[in-house]
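# Summary of the model geometry
The residues making up each chain are set out below.
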Amino acid sequence: MRFRVLGPTQVLLADGREIAVGGPRLRALLALLLLDAGRVVSAERLIDGLYGEHPPRGAANALQSLVSRLRQALPAEHSTVEFHPAGYRLAVDPADVDAYRFERLAEAGHRALADGDWPRAAAVLREALELWRGPALADVIDVTGVPAQAARLDELRLAAVEDRIEAELALGGHADLVPELRQLVVAHPLRERSRGQLMRALSAQGRSAEALAEFEDARRTLAEQLGVDPSAALAAIHLAVLRGDDSSAVRPTTEPALPSQLTTFVGREEELRRVRALLGERRLVTLTGPGGAGKTRLAIEAAGRVDGDVHFVELAGLADGSDVPQAVLSALGLRDAGLRAPAEPGRQSTDRLVEALAERRLLLVLDNCEHVIADVARLAARLLGACPALRVLATSREPLGLAGEALCPLSGLTLPPPDASTENADDYAAVSLFVQRAADVAPDFTVTAANIDVVLRICRTLDGLPLAIELAAARLRALPVAEVAARLDDRFRLLSMGSRAASPRHRTLRAVVEWSWDLLDDAERRLARRLTVFAGGATLEAAGRVSGLPAAEFVDALSGLADKSFVELTGGRYRMLETVRAFCAERLAEAGEADQLRRAHTAYFLEFAWTASDHLRRAEQLHWLRRLDAERDNLHAALRRAAAAGDASDAAGLVAALSFYWWLRGMRGEGARLAASVLDLLGAEAPPGLSEEFALCVYNTSLAGAGHLPSLGTQRSVIRSLDRPPRQPFLLYLSGISTGPPSGGAEHVEELMRELRRLVGPDAWINALGAMGSGSALMWSGEWDRARSALATALDGFRSTGDRWGCMITLGALGELAAWQGDPETAGAHMDEAMGLVEALGSAVDQADMLRTRGEIRLRAGDLAAARDDFAGALLLAQRSGAPEFVAGARLGLAQVARLRGDLVEARRLCEEALVGGLTGWYVGEATRSEIILVLDEITEQEKAGAASRPGALPSADGA
């Protein structure tokens, strides 16, 4: 039998005759079983789908009766409905269900499209789309759970249509596609891919004016309905049309989730198929093998062929396994917390990951796990256990050792057997890789009858390991292939007689790197070993300054290292392969230069951190944030090394210099751990000359909810303890949010600022920060006119310095003040500007916070629908970012909306959910908790008064 759900539910016999199933409820039962064809569906789920929230008495018996009727409706020779203790199972091959067959064909077509096989993609996708006879599950759409499945199938259908059109555009079918694309655009005006395809089809026919008109219509529609601009992909098509380029060749562009590769992928086709198959069946797949076997490259290639969200996490640069969760957070673009609330005391990065990934469907690639294997295993077990839609692909020299882990071991690339003919030797992956990489450095190189035996000897001597082969092939720039083979043989003879228990990396790659080391001149060796002090690569300036080589010698040596594959230049940074770096680090220790280079590295990045910190309060803020992001590994490595070496001044100086950066990037958890390690070094009191640095270590450590910390007293006592203007002015803000506002209100804030001005003089940023603090205190004291004046002064000050962060928090306060004064239009304008600054800073959690603030403004104005949209958006962003403190605030806002609409049951539920997690002992957290309890009391009073049941008795929004 064949089953159809892509349209009305149908059952067909092999000869095409349709079997009448029965009434709506029987068809609904069949559809629910078909959606999980071949799998057991619980009785509870079937009852819920058939009867909704109010099943009849004896629903289990009613279900049994329906199942019996379904069995009778289907042919007797097909006993397809089976009873199981947990429920019922439709024992059919999923391939006999049109929805499953469609998904399989659509995926195959998508893969063919990605591989550039346009004819196959078009044919397969047409076959997939011909299975549709109307809207999915059309006759059972009212069944609980079915609408979501139908929506998913309809979305897949639309994506398949766009894939088919993409293939047909590549085949030149522009004219035939225009009418269909116009229909798609009318039906789905917000889908930019269809719009871009229509523009490309029109442009290819010489109808550029119509293509440009489509772009303008798209731009207007997106702005009116979503308030956004066209995507980069659609803008690229628009630009191609303007330039008269072949816009049909323009493909959508997205930010790569995987590292880009500069070389072709050679061999490993069998392993690639195995990994892809395992990823379809298992949730944890680990690629194992020796260093240099190509685990990372295979993982990148396999992940690149997976549909859906993929994120790559590089772990090689981690010095401590406790940093694994933070590395994953950074790779996912998640921040520890937002700008306007501290991290929850005692809260772990792993908890944030669980909350952020709980409902996300993605593949997480964890690369180079071996040196932090235990921590990776613990994190993977926690995430996989709590996040059912998550899959993990790991690379490591040993398994993670978790239940359900599927292993894919790698060794060398395939080699011709000893007795094989040499005529087709380059059909084997190891030889093919050597030939391709040799041709990259020696374009005239080819495999001939005269050198094939030598090439085979090289590949076999190196065990077919990709990195070893690539390093050997690179030597053809300076040596004949026969000389390469002779040197490898000489070097490996002694090593091959060593312990058989030695790791493959030390029996092969070490010898290759050591031999390559011997080919370097003295200056190249000095630079190679000194570059190992960098973590995450180095810029040209940093490499030159830290290495200490004379300028001319440095440039020549760096060029030589790049030519000989010791370093590679990517994205303006010089990096070493990890295997090469480990070998050269040993040479650095042997030369007795390790401590000297560590000090040089720390000095350079301490200077860099202070320079960047000054620029973070200016108009060039975004540029320096990106620079700090690029050097984060080096900065943190310098801090850890200084602390480990007992260099208290340098370590504390780095904490102080990086404090504002950590805050702007939401890295309070990682910053707290680093500051705590320095605080252990400093002791319980500030060493002479380090009062400011000591205070910043204490404040940063406190943000992670650490235990007992040295007491610094009030914000005033901290400022009075300074004997010079603070080098890190962010100390003033951090001390305020850590200790709370002065107890005397606005007057005490202003008095504190007068004392500070006597110390620091006319500093525009500090004065703006003080005015912002005064304005906030005046606002909460009810002195609105003075508050508005102070906040306006603060905003002018932050604008004059170019600090977007200061402008953002001040605009948020001005927006709230305008709302309190009954001026929603001004409040909305302030919040719109603040939201633009949040987007420029790239902060999802702060966008959630600003949406929540705007929701409160709209709530006060009585615009419940708009307020609910803002709170719902804030809740989604906060949940996705793993920021529970903002989740609580958003739920409180939704509860207020529900209360004002008279839905007291929903309001109470949201308030109770808001009280669970996300609130801390910090004064703002306690204020939020108090507000929730107050709203619950109001709900109780309304319930007693019967407010929800009296029409026209909804409470006013004035009290929101």
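See above for the structure.
Residues numbered from 1 in each chain as written. Predicted model: local features only at pLDDT ≥ 70, side-chain atom pairs only at ≥ 80, totals over all residues. Heavy atoms only, no water.

All right, on to the packing of aromatic side chains then. Tallied over the full model, the rule gives 18 aromatic pairs. Ring geometry for Trp-780 and Trp-820: centres 5.1 Å apart, planes at 75°, overall edge-to-face. Taken together, the residues Trp-780 in helix 34 (residues 764-780) and Trp-820 in helix 36 (residues 804-820) connect sequence positions 40 residues apart. Three or more aromatic residues joined by ring pairs make a cluster, and in this case those are Phe-660, Trp-663, Phe-730, Tyr-733, Trp-765, Phe-798 and Trp-805. The residue whose ring lies beneath Arg-617 is Trp-765, and the NZ or CZ to ring-centre distance is 5.7 Å. (Phe/Tyr/Trp six-rings, centres within 6.5 Å; stacked < 30°, edge-to-face > 60°. Helix = DSSP H or I, 4+ residues; strand = E, 2+ residues; numbered from the N terminus. Lys NZ or Arg CZ within 6 Å of the ring centre and 35° of its normal.)

Turning our attention to the sheet that holds strand 3 (residues 40-42). The three strands lie next to each other as 3-5-4, forming an open sheet whose pairing is antiparallel. Where the open sheet ends on each side, the last strands, each with one partner, are strand 3 and strand 4 (81-84). Put simply, the sheet's adjacent strands are angled 30° from each other on average, direction ignored. The sheet contact formed by strand 3 and strand 5 (residues 87-90) spans three bridges and is antiparallel. (Pairing = 2+ DSSP bridges. Axes fitted to C-alpha atoms, helices over the stretch in contact; angles between N-to-C directions.)

A word on the sheet that holds strand 8 (residues 362-367). Within the open sheet, the five strands sit side by side as 7-8-9-6-10. Their pairing is parallel. With partners counted over all chains shown, the strands left at the sheet margins are strand 7 (309-314) and strand 10 (406-409), one partner each. Each neighbouring strand pair of the sheet contributes to a mean axis angle of 15°, computed without reference to strand direction. Against the sheet, helix 11 (residues 269-281) engages strand 6 (284-288), strand 8, strand 9 (390-396) and strand 10, with an angle of about 170° to strand 10. (Contact = heavy atoms within 4.5 Å.)

In this structure the tally under the stated criterion is 54 salt bridges. Its salt-bridge partner being Asp-595, residue Arg-598 comes within 3.3 Å of it at the nearest N-O pair. Placement of the pair is Arg-598 and Asp-595 together in helix 25 (residues 594-615), with a separation of three residues, close to one helical turn. A salt bridge links Arg-908 to Glu-943, with the shortest nitrogen-to-oxygen separation between them at 3.1 Å. Separated by 35 residues along the polypeptide, Arg-908 in helix 41 (residues 904-914) and Glu-943 in helix 42 (residues 923-945) bring together distant segments of the chain. Judged by its relative accessible area of 23%, Arg-908 is partly exposed. Shared partners join several salt bridges into a network, and the residues in it are Arg-182, Arg-195, Arg-207, Glu-210, Glu-214, Asp-217 and Arg-220. (Salt bridge = Lys/Arg side-chain N within 4 Å of Asp/Glu carboxyl O. Buried < 20%, exposed > 50% of the residue type's maximum accessible area, 1.4 Å probe, protein only.)

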